[in-house]
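# What the coordinates show
So you can see what is in the structure, the chains are spelled out below.
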Amino acid sequence: MILAFILWTILIQTVDVQPVGVNGTSVGFAAVNTWFHRLTGVHMGLYTITDWLGLVPIAVCIGFGLLGLTQWIRRKSITKVDMDILLLGGYYILVILGYLIFEMIPINYRPILIDGAMEASYPSSTTLLVLSVMRRLSSCFPRSW
């Protein structure tokens, strides 16, 4: 997956890069992006829904963080917190760092303004957050569920 991410990142910065975005912003895979944008249009309602749904994985992270904090307080030592919770906390820290990096260093922009500003399109920090947190969450439950 990491190799696919690296390959896609290289491709999006080199293949069909044209100034088709707002204020002449360069967009990778410009022909495909503009074609799809013309096909689907702008649906701010969907954007708002996905924006709010991005809070779900954050709530999951907070829930596991509170579980770890509760164990730490009750057991009076961080070394007595379940190792799975500590590892999950470390994983979440890495995911949050990735999220912040992709928010600060956009590789590709959307072809339209969102709330009057340019916004990153790739990599999607919300997708990173959802896939990382919710995939990890699904592995916590037996497959029979």
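In short, a report on the structure. (Residues numbered from 1 in each chain as written. Predicted model: local features only at pLDDT ≥ 70, side-chain atom pairs only at ≥ 80, totals over all residues. Heavy atoms only, no water.)

### Here we look at the overall build of the protein
Of the regular secondary structure elements, the protein holds six helices and two strands. The buried share among the 145 residues of the protein stands at 24%. Here the contacts in the protein between residues at least 6 apart in sequence split such that 53% fall between residues at least 24 apart. Accessible area of the protein: about 10300 Å², with a carbon and sulfur share of 69%. (Helix = DSSP H or I, 4+ residues; strand = E, 2+ residues; numbered from the N terminus. Buried < 20%, exposed > 50% of the residue type's maximum accessible area, 1.4 Å probe, protein only. Contact = heavy atoms within 4.5 Å. Areas by Shrake-Rupley, 256 points an atom, 1.4 Å probe, with all protein chains shown as cover.)

### A short note on the packing of aromatic side chains
The full count for this structure, using the stated rule, is three aromatic pairs. Aromatic pair Trp 8 and Phe 29: ring centres 4.9 Å apart, planes at 25°, arrangement stacked. With Trp 8 in helix α1 (residues 2-14) and Phe 29 in the loop between α1 and α2 (30-40), this residue pair connects regions lying 21 residues apart in the sequence. The partly exposed category is assigned to Trp 8, whose relative accessible area is 40%. (Phe/Tyr/Trp six-rings, centres within 6.5 Å; stacked < 30°, edge-to-face > 60°.)

### Thoughts on the nonpolar core
With 10 residues, the main nonpolar core is built from Val 60, Cys 61, Phe 64, Val 81, Ile 85, Leu 88, Tyr 92, Val 95, Leu 129 and Val 133. Those elements giving two or more residues to this core turn out to be α4 (55-75), α5 (83-104) and α6 (125-138). Ranked by residue count, the leading element in this core is α5, at four residues. (Core = buried A, V, L, I, M, F, W, Y, C linked by side-chain atoms within 4.5 Å.)

### A few points about the pattern of salt bridges
Inspection of the entire model under this criterion finds one salt bridge. Notably, a salt bridge pairs Asp 82 with Arg 75, separated by 3.0 Å at the nearest N-O pair. For Arg 75, a relative accessible area of 33% puts it in the partly exposed group. (Salt bridge = Lys/Arg side-chain N within 4 Å of Asp/Glu carboxyl O.)

### What about the environment of Ile 78?
Relative to the helices and strands, Ile 78 resides in the loop between α4 and α5. Note: C-alpha distance between Ile 78 and Gly 68 (10 residues apart in sequence) is 8.7 Å.

### Some words on the side chain of Thr 9
Note on placement: Thr 9 falls in helix α1. In this structure, Thr 9 is in contact with Ile 107 and Tyr 122, ignoring residues within four places of it in sequence.

### With respect to α1
Compared with an ideal rise of 1.5 Å per residue, which puts 13 residues at 18 Å, α1 spans 19 Å between its outermost C-alpha atoms and is within 8% of the ideal. Phi turns positive one or two residues past the end of α1, at Asp 16, with a value near 50°. (Expected span 1.5 Å × (residues − 1).)

### Overview of the packing of α4 against α5
Two measures define how a pair of helices packs: the angle their axes make with one another and the distance between the axes. At their nearest, the axes of α4 and α5 sit 10 Å apart, and the two run at 140° to each other. Relative to α5, the element α4 lies oblique. Where α4 crosses over α5, the handedness of that crossing is left-handed. Across the interface between the two elements, Val 60, Cys 61, Phe 64, Leu 67, Gly 68 and Gln 71 of α4 pack against Ile 85, Leu 88 and Tyr 92 of α5. (Axes fitted to C-alpha atoms, helices over the stretch in contact; angles between N-to-C directions. Parallel < 35°, antiparallel > 145°, perpendicular 65-115°, else oblique. Left-handed = near helix turned anticlockwise from the far one by under 90°.)

### A short note on a nonpolar patch on the surface
A cluster of nonpolar side chains, Trp 52, Leu 55, Ile 58, Ile 62, Leu 66, Leu 69, Trp 72, Ile 73, Ile 78, Met 83, Leu 86 and Leu 87, forms an exposed patch at the surface whose accessible area comes to about 1200 Å². When residues of the nonpolar patch are traced back to their parent elements, those giving at least two are α4 and α5. If you tally residues by element for the nonpolar patch, the top one is α4, at seven residues. Tracing the backbone shows Ile 62 in helix α4. (Patch = residues over 30% accessible without salt bridge, like charges linked within 9 Å, V, L, I, M, F, W, Y side chains within 5 Å.)

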